[in-house]
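Residue-level structural notes
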Amino acid sequence: MPNMSLKKVEMPMQDAFERRNNFEEVTLGYTEEMAMEEAQRCLNCKTRPCVSGCPVSVKIPDFILEVKEGNFEKAYHILHETSSLPAVCGRVCPQETQCEKECVRGIKGEAVAIGRLERFVADWYREHVKEKVQKPASNGHKVAVVGAGPAGLTCAGDLAKKGYQVSVFEALHVAGGVLMYGIPEFRLPKAIVQHEINGLKEMGVDIQTNVVIGRSESVDDLFDAGYESVFIGSGAGLPNFMNMPGENLKGVYSANEFLTRCNLMKAYKEDSETPIQHAKNAVVVGGGNVAMDAARSAKRLGVEEVTIVYRRSMEELPARKEEVEHAMEEGIIFKLLTNPVRVLGDENGWVKGMECVSMELGEPDASGRRRPVEIKDSNFIMDVDCMIMAIGTSPNPLIRSTTEGLETNRKGCLVTDEHGLTTREGVYAGGDAVTGAATVILAMGAGKEAAKAMDAYIQNKAK
């Protein structure tokens, strides 16, 4: 009999007071019994609406059916058919706006906890199964992937499964992209990301770090070296600022820099050689998941008061509901309908305050959200000694400026067709380099689509 409870099985988690003082994972995962109980809530619909909501088309009812029967290893293999990073997706994908949004159980009650079950299966497999990944037989073809983030790793994994010799070129000293430098340890433990990357290496994927394509060598050099097609998944690591007075003061960070220091360089550890400011009053400007990550990281670094400043209301906040709730539980202050206009500094060039204006919501803008309008003469000062800008990122211009024939749009994003083909023959792209900053799973979906197109392109040329 199916479990007809209207609510998901609760996910165990650290107490809010304890977790805001450490960088250990907040949510603790299902036990086997919890996972099987939640799997009983799936109706195994014939129309499979959840699958249509997944950017990588995971066979959701199939893997959940195996969880229901206690066949966790089989459930993993079903997951891994379409997802190269299930332990990552189970933690950071916005399932509530994708697969779970389409779940029939969500019509009257809560959707099936697809993400929690995906995480459980991936974690169970990692902890219980030690089988070595089988390296596919070579098909004699060679491809290059630029960027070892979610899009690049997915593209590399799918092509490796088809027998391609895949080389991944990563600018940083470790692979993983935003999974390593952007998402905090307490949301996505780095050991889990590394485990997924090791699986790709065992499949034969060659990952070369500290290689900046566009600087150390170009896309053209890759073709000259015998690569038959190139995928660009270089992400969107160029931070946006508001260009207001005082933004160049000491103590003003981009969220990218702040999170990279924390996550990649381990600045939160006592023995870390990476400096990071231990502020008293920090403000984070922005309302997305990156803003939540920066604010919650600052709180864990010991900042007494952390405030998120956002120019719209709570209803328009783009961050995941779960992340907002966790931030509130941890004592993050939300100052909404507020916009900074100037950063104030002391005589030594350090931030000492932020001038803001109050906002009200007007008519909807192009995004469908109500446009924030400044309230005249509403200026006020906030006392802060650290400011973190989390208002979005753009693709780095390095590759497009060093590769002839690559078209970009007005935001600097690479122009592609629906299969990821750029305006340059044999060059494909996907993820944030094409869309601007978006989600991990959308980047993975783009990497998967491009891999399919690259395979077709190379096989057609070989005929």
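Coordinates for the structure precede this section.
As a starting point, this report considers the structure included with it. For every chain, the first residue of its written sequence is number 1, and the numbers climb from 1 along that sequence. Two thresholds apply to this predicted model, a pLDDT of at least 70 for residue-level local features and 80 or more for giving and counting side-chain atom pairs, whereas whole-chain, interface and lining totals are computed over all residues. Based on all heavy atoms of the structure, the side-chain values leave hydrogens and waters out of the count.

Re the overall build of the chain
In this description a helix means any DSSP run of H or I spanning at least four residues, a strand means any run of E spanning at least two, and both kinds are numbered starting from the N terminus. The secondary structure content of the chain amounts to 17 helices and 16 strands. A globule of 463 residues ought to have a C-alpha radius of gyration of about 23 Å, and the chain, at 23 Å, matches this closely. Overall, the chain is about 70 × 60 × 50 Å in size when its C-alpha atoms are taken along their principal axes. Counting only residues that meet the buried cut, the chain has 55% of its 463 residues in that class. Within the chain, counting contacts between residues at least 6 apart in sequence, those at least 24 apart form 70% of the total. In the structure as shown, the chain presents an accessible area of about 20,800 Å², 49% of it carried by carbon and sulfur atoms. Positive residues here are Lys and Arg, negative ones are Asp and Glu, while His and the chain termini are left out of the count. By convention, the point assigned to a charge is CZ for Arg, NZ for Lys, CD for Glu and CG for Asp. With 54 positive and 66 negative side-chain charges, the chain shows a separation of 3 Å between the mean positions of the two kinds. Radius of gyration here uses only the C-alpha atoms, and the compact-globule reference equals 2.2 Å multiplied by the residue count raised to the power 0.38. Burial classes follow relative accessibility: with a 1.4 Å probe on protein chains only, a residue under 20% of its type's maximum area counts as buried, one over 50% as exposed, and anything between as partly exposed. Note on contacts: a residue pair is in contact if any heavy atoms of the two residues lie within 4.5 Å. The Shrake-Rupley method, run with a 1.4 Å probe sphere, supplies the accessible areas, and residue values consider only the shown protein chains as cover.

As for the environment of Val 284
Of note, Val 284 is situated in strand 7 (residues 281-285). Sequence separation between Val 284 and Lys 266 is 18 residues; the distance between their C-alpha atoms is 20 Å. With residues up to four places along the chain from it excluded, the contact list for Val 284 reads Ala 291, Ala 294, Ala 295, Val 306, Thr 307, Ile 308, Val 309, Ile 388 and Ala 390.

Things to note about the sheet that holds strand 1 (residues 142-146)
When DSSP locates at least two bridges between a pair of strands, those strands are taken to pair. As summarised here, the arrangement of the five strands in space is 3-2-1-4-16, forming an open sheet in which the pairing is parallel. Looking at strand neighbours, the two that pair on one side only are strand 3 (206-208) and strand 16 (427-429), the edges of this open sheet. The mean angle between the axes of side-by-side strands here comes to 20°, regardless of whether they run parallel or antiparallel. As judged from the four bridges shared by strand 1 and strand 4 (residues 229-232), these two strands associate in the parallel manner. Looking at strand 4, one finds that Val 143 is bridged to Ser 229. Where helix 17 (residues 440-462) meets the sheet, its contacts fall on strand 1, strand 4 and strand 16, and the angle it forms with strand 4 comes to roughly 170°. Between the N-to-C directions of two axes lies an angle of 0 to 180 degrees, each axis being a line fitted to C-alpha atoms and, for a helix, fitted only over the stretch in contact.

Digging into the nonpolar core
Note that soluble globular proteins tend to have their nonpolar side chains buried in a common cluster. Buried Ala, Val, Leu, Ile, Met, Phe, Trp, Tyr and Cys residues that are joined via side-chain atoms within 4.5 Å together make up what is termed a nonpolar core. Within the largest apolar cluster, 74 residues are counted, with the highest numbers of intra-cluster contacts made by Ile 60, Phe 63, Ile 64, Val 67, Leu 117 and Val 166. Per-element accounting of this core gives the leading share, 10 residues, to helix 17. Each residue touching Leu 117, except ones within four places of it in the same chain, is listed here: Tyr 30, Ala 35, Glu 38, Ala 39, Phe 63, Ile 64, Val 67 and Val 112. One finds Ala 279, Ala 282, Ala 298 and Val 303 within the second-largest nonpolar core, a separate group that totals 31 residues.

Here we look at the packing of helix 12 (residues 255-263) against helix 13 (residues 289-300)
Contact pair helix 12 / helix 13: the axes reach a minimum separation of 10 Å and the direction vectors enclose 50°. As summarised for this structure, helix 12 and helix 13 are arranged oblique, according to the angle between their axes. Relative to helix 13, helix 12 is oriented so that their crossing is left-handed. Contacts between helix 12 and helix 13 involve Ala 255, Phe 258, Leu 259 and Cys 262 from the first element and Val 290, Asp 293, Ala 294, Ser 297 and Ala 298 from the second. Each angle receives one of four descriptions, namely roughly parallel if under 35 degrees, roughly antiparallel if over 145, roughly perpendicular if within 65 to 115, and oblique otherwise. Each helix crossing is assigned a hand: it is left-handed if the near helix lies turned anticlockwise from the far helix by less than a right angle, otherwise right-handed if that turn is clockwise.

Digging into the pattern of salt bridges
Whenever Lys or Arg places a side-chain nitrogen within 4 Å of a carboxyl oxygen from Asp or Glu, that contact is recorded as a salt bridge. For the structure shown, the criterion picks out 29 salt bridges. Here Glu 81 makes a salt bridge to Lys 59, at a shortest N to O gap of 2.8 Å. Of this pair, Glu 81 sits in helix 5 (residues 72-82) while Lys 59 sits in the loop between helix 3 (49-52) and helix 4 (60-68); the two residues are 22 residues apart in sequence, bridging distant segments of the chain. Among the residues examined, Glu 81 registers a relative accessible area of 44% and is labelled partly exposed. Judged by its relative accessible area of 34%, Lys 59 falls in the partly exposed class. Asp 455 is the partner of Lys 162 in a salt bridge, and the nearest nitrogen-oxygen pair spans 3.9 Å. Taken as a pair, Lys 162 in the loop between helix 8 (150-161) and strand 2 (165-169) and Asp 455 in helix 17 lie far apart in primary sequence, 293 residues in all. Each of Arg 19, Arg 187, Asp 293, Arg 296, Arg 300, Glu 323, Glu 329 and Glu 330 takes part in a single network of salt bridges with overlapping partners.

Brief notes about helix 4
Among the nine residues in helix 4, seven count as buried, and that is most of the element. Of the residues making up helix 4, those classed as buried are Ile 60, Pro 61, Phe 63, Ile 64, Glu 66, Val 67 and Lys 68. Taken together, the buried residues of helix 4 touch helix 2 (32-39), helix 3, helix 5 and helix 7 (114-128). At the C-terminal side of helix 4, Gly 70 shows a positive phi close to 85°.

What about the sheet that holds strand 6 (residues 252-254)?
Ordered by their spatial adjacency, five strands build an open sheet running 6-14-7-8-9, and the pairing between neighbours is parallel. Both outer strands of the open sheet, strand 6 and strand 9 (333-336), are each paired with one neighbouring strand and no more. Averaged over all adjacent pairs, the angle separating strand axes in this sheet is 25°, with direction ignored. Strand direction decides the pairing type here: strand 6 and strand 14 (residues 386-389), joined by three bridges, are parallel. Among the inter-strand pairings, Ser 254 is bridged to a residue of strand 14, identified as Met 389. Contacting strand 7, strand 8 (305-310), strand 9 and strand 14, helix 13 crosses the sheet at an angle of about 165° to strand 8.

Things to note about the packing of aromatic side chains
Classification of ring pairs rests on two measures: the distance between centres of Phe, Tyr or Trp rings, Trp counted by its six-membered ring, which must be within 6.5 Å, and the angle between planes, read as stacked under 30 degrees, edge-to-face over 60 and tilted in between. Per the stated rule, a full pass over the model turns up eight aromatic pairs. Seen in terms of ring centroids, Phe 72 and Phe 120 are 5.0 Å apart; in terms of plane orientation they differ by 85°. Their pairing is edge-to-face. Of this pair, Phe 72 sits in helix 5 while Phe 120 sits in helix 7, placing them 48 residues apart in sequence. Note on accessibility: Phe 72 and Phe 120 belong to one class, buried. Between Phe 72 and Trp 124, the aromatic rings sit 5.4 Å apart at their centres with planes inclined by 65°, giving edge-to-face as the arrangement.

Considerations on the side chain of Thr 393
Topologically, Thr 393 is positioned in strand 15 (residues 393-394). What qualifies as a polar contact is a pair of N or O atoms within 3.5 Å, subject to a donor-acceptor requirement within protein and to the restriction that residues adjacent in sequence count only when both atoms come from side chains. One polar contact links the side chain of Thr 393 to the main-chain carbonyl oxygen of Ala 236, over a distance of 2.8 Å. Beyond its immediate sequence surroundings of up to four residues, Thr 393 is in contact with Ala 236, Leu 238, Pro 239, Asn 240, Asn 256 and Ala 437.

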